[in-house]
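Examining the three-dimensional arrangement
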Amino acid sequence: MASTLPDPIPDADAHRAATDAHTSGVSARSGRAGGIEAHGIDHIPDAERRGRPRELFSVWAAANVNYLSLVVGGALVLMGLSLWQALAVIVAGNLFWLLTGLLAVSGPAAGAPSEVITRAMYGVLGNRVNNAVTGWTISVCYFALNLAAAATAAFSLVARTGLPVNTAVKALVVVVIAALTLAISVWGHAAIIRLYMPITLALTAVFAVVGFVVVRHADFGYVPDRPLTGTPLWAALLAGVALIASGPLSYTTSADFSRYLPRTASARAVAGWTALGGFLASVLVCGIGALAASAVDMSDPESSLQLLLPGWFRPLFLLALVLGTVALDALTAYSAGLALQAVGIGIRRSRSVLVDGTVSVCLTLYALLVSDFLDTVGNVLQLTVVLLGPSTAVYATDIVLRRNRYDGLALGDESRTGPFWYTGGFNPAGVLALGAGVAAAAVCVDSVYTGPVAALGGVDLALPAGLVVTSAVYAVLARRTRATG
């Protein structure tokens, strides 16, 4: 059996230098078409690497100042938590941004996106399945969920103009927001890096005003009429942490946005700026949602928050909600496009993004016009933890075991003789570890359904169970295979 953690290819450096020299020459002539990013899941040669890790801060900060974070923050209080319990859950759940930061360090090391790096964990064919489910399907669902959130705020803007907000208008609004989002995703990495700093500054200014107003009205001593105690309290706390953690855990693709950094970029800086951007923004906006829930009914967040804001500021607030969600969805669509390529479909990255957008628009219209939006948010975020927790654990454990040493050119080799073909195209360690983690999480779920373990204990332990079991199984199997391979 091939080693689960293959040793570096002896002539990898020479191979990389030769390939980079050739590729950089090609890129100089045809690297961009009309400003659109030419690279997809292919290796980024050293000659095209540039930028600094601190640029990642604005990428992740802008993406997390959004309507969905307000909804989730307010939902914690609606679940029966006191204000201070909700704020503690927000901080605890957002600590999972540290894992997102850890995954990002593999980007500069490999010069490849996460969708390719995970071939090291699952094998060439196994990774296609992984990208089809964890990469593409979940990304498209999140795109649709966030698009629905942005559209909800945009409907209020349309209503202020006096136009009727009927089904046809709603559909048009969804399409327009999706078009703006996909324009950023299609233009690609350089556009994201260039645009997200001014977006971050604009959103920070707006939410500073929102935060000031909300703090003035917040009840810092808020406790529900019937405070939770004992098992119900622990169940709500753990469910809340899982709900918040679903945000950072959804970004198993953080290397997509760090892969253009020089190979020599500090891994600590890459991880730190990624985690800090997501953590601060998410804590701020989720916190505003929780504070607002102590003063108004956050079952209708957009309308309730507007009651607290001065009339002249309300359109700016609504625009900020739309802009923040566009920034978030642009990242999601970008990664979904790469995932579709990594599945093995021969299509340009720009076109794959448009395919993702079309599917997401259809799902969004369903979420807004057919189902209940808040129920959809809770169900999607809580259930994805069953898969995203174990997926993140495999990736993070592999980075630690390999000491973040990835050969991007070798990862691009999909042949049967390549180093990541493993056994029949599948890496048993990654496949079995992911399966074990998902199974452990599934029996511990207590959200949309109640698993047998949750039924016995009354609490949802899906997140910790999935993370711990997956990491332990992968570490054991990977090391054992390496020792005997």
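Before any of the text, the structure's been laid out above.
Structure report, in brief.

Calculation notes
- Residues numbered from 1 in each chain as written.
- Predicted model: local features only at pLDDT ≥ 70, side-chain atom pairs only at ≥ 80, totals over all residues.
- Heavy atoms only, no water.
- Axes fitted to C-alpha atoms, helices over the stretch in contact; angles between N-to-C directions.
- Helix = DSSP H or I, 4+ residues; strand = E, 2+ residues; numbered from the N terminus.
- Parallel < 35°, antiparallel > 145°, perpendicular 65-115°, else oblique.
- Left-handed = near helix turned anticlockwise from the far one by under 90°.
- Contact = heavy atoms within 4.5 Å.
- Nonpolar A, V, L, I, M, F, W, Y, C, P; charged D, E, K, R; others polar.
- 1 Å grid on protein atoms, 1.4 Å probe; cavity = no way out; pocket = protein on both sides within 12 Å on 5 of 7 lines; lining within 4 Å.
- Points joined across faces, edges and corners; volume = space filled by probe spheres on them.
- Core = buried A, V, L, I, M, F, W, Y, C linked by side-chain atoms within 4.5 Å.
- Buried < 20%, exposed > 50% of the residue type's maximum accessible area, 1.4 Å probe, protein only.
- Expected span 1.5 Å × (residues − 1).
- Bend = angle between axes of the 7 residues up to and from the residue.
- Polar contact = N/O pair within 3.5 Å; in protein donor to acceptor, adjacent residues only side chain to side chain.
- Salt bridge = Lys/Arg side-chain N within 4 Å of Asp/Glu carboxyl O.
- Patch = residues over 30% accessible without salt bridge, like charges linked within 9 Å, V, L, I, M, F, W, Y side chains within 5 Å.
- Areas by Shrake-Rupley, 256 points an atom, 1.4 Å probe, with all protein chains shown as cover.
- Phe/Tyr/Trp six-rings, centres within 6.5 Å; stacked < 30°, edge-to-face > 60°.

This part covers the packing of helix α10 (residues 167-187) against helix α16 (residues 349-369). Axis separation between α10 and α16 bottoms out at 10 Å; the angle between their running directions is 150°. Put simply, α10 runs roughly antiparallel to α16. The crossing of α10 and α16 is right-handed. Contacts between α10 and α16 involve Thr 167, Lys 170, Ala 171, Val 174, Val 175, Ala 178, Leu 182, Ser 185, Val 186 and Trp 187 on the former and, on the latter, Arg 349, Ser 350, Val 353, Leu 354, Gly 357, Val 361, Thr 364, Leu 365, Leu 368 and Leu 369. Taken together, the residues of the contact of α10 with α16 break down into 13 nonpolar, 5 polar and 2 charged.

The next subject is empty space enclosed by the protein. Overall, the coordinates contain 3 cavities of 30 Å³ or more when judged by the stated rule. If you add up the space inside the largest cavity, you get close to 330 Å³. Around the largest cavity, the lining is made up of 29 residues, and of these Tyr 142, Ser 246, Gly 247, Ser 250 and Tyr 251 lie nearest the centre. Considered as a void within the structure, the second largest cavity measures approximately 110 Å³ in volume. As for the second largest cavity, its lining consists of Ser 114, Glu 115, Thr 118, Tyr 122, Asn 130, Asn 131, Thr 134, Gly 135, Thr 252, Thr 253, Ser 391 and Tyr 395. Where the lining of the second largest cavity is concerned, the elements lending two or more residues are α7 (114-117), α9 (124-160) and α17 (373-402). With 4 residues, α9 is the single largest residue contributor to the lining of the second largest cavity. Within the lining of the second largest cavity, the residues separate by chemical class into 2 nonpolar, 9 polar and 1 charged.

With that settled, the discussion passes to the nonpolar core. If you look at the biggest cluster of nonpolar residues, it comprises 130 residues, and the most contacted ones within it are Ile 117, Ile 177, Tyr 196, Phe 207, Phe 317 and Leu 463. Excluding residues that lie within four positions of it along the chain, Tyr 196 makes contacts with Ser 58, Val 59, Ala 62, Ile 184, Val 326, Ala 327, Ala 330 and Leu 331. With 7 residues, the next largest nonpolar core counts Ala 440, Ala 441, Val 445 and Ala 465 among its residues.

Before going further, it helps to examine α9. Here α9 contains 37 residues, and its C-alpha end-to-end distance of 52 Å stays within 8% of the 54 Å for a straight helix at 1.5 Å per residue. The sharpest bend along α9 measures roughly 40° and falls at Asn 131. Judged by how many residues are buried, α9 sits mostly within the fold: 28 of 37 residues are covered. Looking one or two places after α9, you find Gly 162, whose phi comes out positive at around 95°.

This paragraph deals with unusual backbone geometry. Leaving glycine out, the prevailing phi sign among residues is negative, and the prevailing peptide bond configuration is trans. One non-glycine residue, Arg 403, lies in the positive phi region at around 55°. Take Arg 403: its relative accessible area is 68%, and that puts it in the exposed class.

Before going further, it helps to examine the side chain of Ser 294. With respect to the helices and strands, the residue Ser 294 is situated in the loop between α13 (267-293) and α14 (301-308). Within the structure, the side chain of Ser 294 is placed 2.5 Å from the backbone oxygen of Leu 291, a separation counted as a polar contact. In contact with Ser 294, not counting residues within four places along its chain, are Leu 83, Ala 218, Asp 219 and Tyr 222.

Turning our eyes to something else, we now look at the pattern of salt bridges. Tallying each qualifying case throughout the model produces 7 salt bridges. As a salt-bridge pair, Arg 119 and Glu 414 come within 3.4 Å of each other at their nearest N and O atoms. Here Arg 119, found in helix α8 (residues 119-122), pairs with Glu 414, found in the loop between α18 (408-411) and α19 (428-442); they are 295 residues apart in sequence, far enough to count as distant. When its relative accessible area of 4% is taken as the criterion, Arg 119 is described as buried. Glu 414 gets classed as partly exposed once you look at its relative accessible area, which sits at 32%. The salt bridge partner of Arg 402 is Asp 398, with a shortest N-O separation of 2.7 Å. With Arg 402 and Asp 398 both in helix α17 and 4 residues apart, this pair spans about one turn of that helix. By the burial criterion, Arg 402 is buried, and Asp 398 matches it. One network of salt bridges, in which partners are shared, links Glu 37, Arg 259 and Arg 349.

Looking now at a nonpolar patch on the surface. Together, Val 129, Val 133, Phe 426 and Val 431 give the surface a local cluster of nonpolar side chains, amounting to about 300 Å² of exposed area. For Val 129, a relative accessible area of 48% gives the class partly exposed.

Note on placement: Tyr 334 falls in helix α15 (residues 314-342). Judged by its relative accessible area of 0%, Tyr 334 is buried. Polar side-chain contacts of Tyr 334 include one of 3.0 Å to the side chain of Arg 259.

The next subject is the side chain of Glu 37. Relative to the elements of secondary structure, Glu 37 occurs in strand β2 (residues 36-37). Of the polar contacts made by the side chain of Glu 37, one reaches the side chain of Tyr 334; its length is 2.9 Å.

Inspection of every chain in the model, using the stated rule, returns 10 aromatic pairs. With a centroid separation of 4.8 Å and 80° between ring planes, the pair formed by Trp 60 and Tyr 251 is classed as edge-to-face. With Trp 60 in helix α2 (residues 55-63) and Tyr 251 in the loop between α12 (230-249) and α13, the pair connects residues that are 191 residues apart, well separated along the chain. Pair check on accessibility: Trp 60 and Tyr 251 agree, each one buried. Relative to Tyr 334, the ring of Phe 257 lies with its centre 5.4 Å away and its plane at 35°, an arrangement referred to as tilted. You can see Phe 257 sitting in the loop between α12 and α13 and its partner Tyr 334 sitting in helix α15, a full 77 residues away along the chain.

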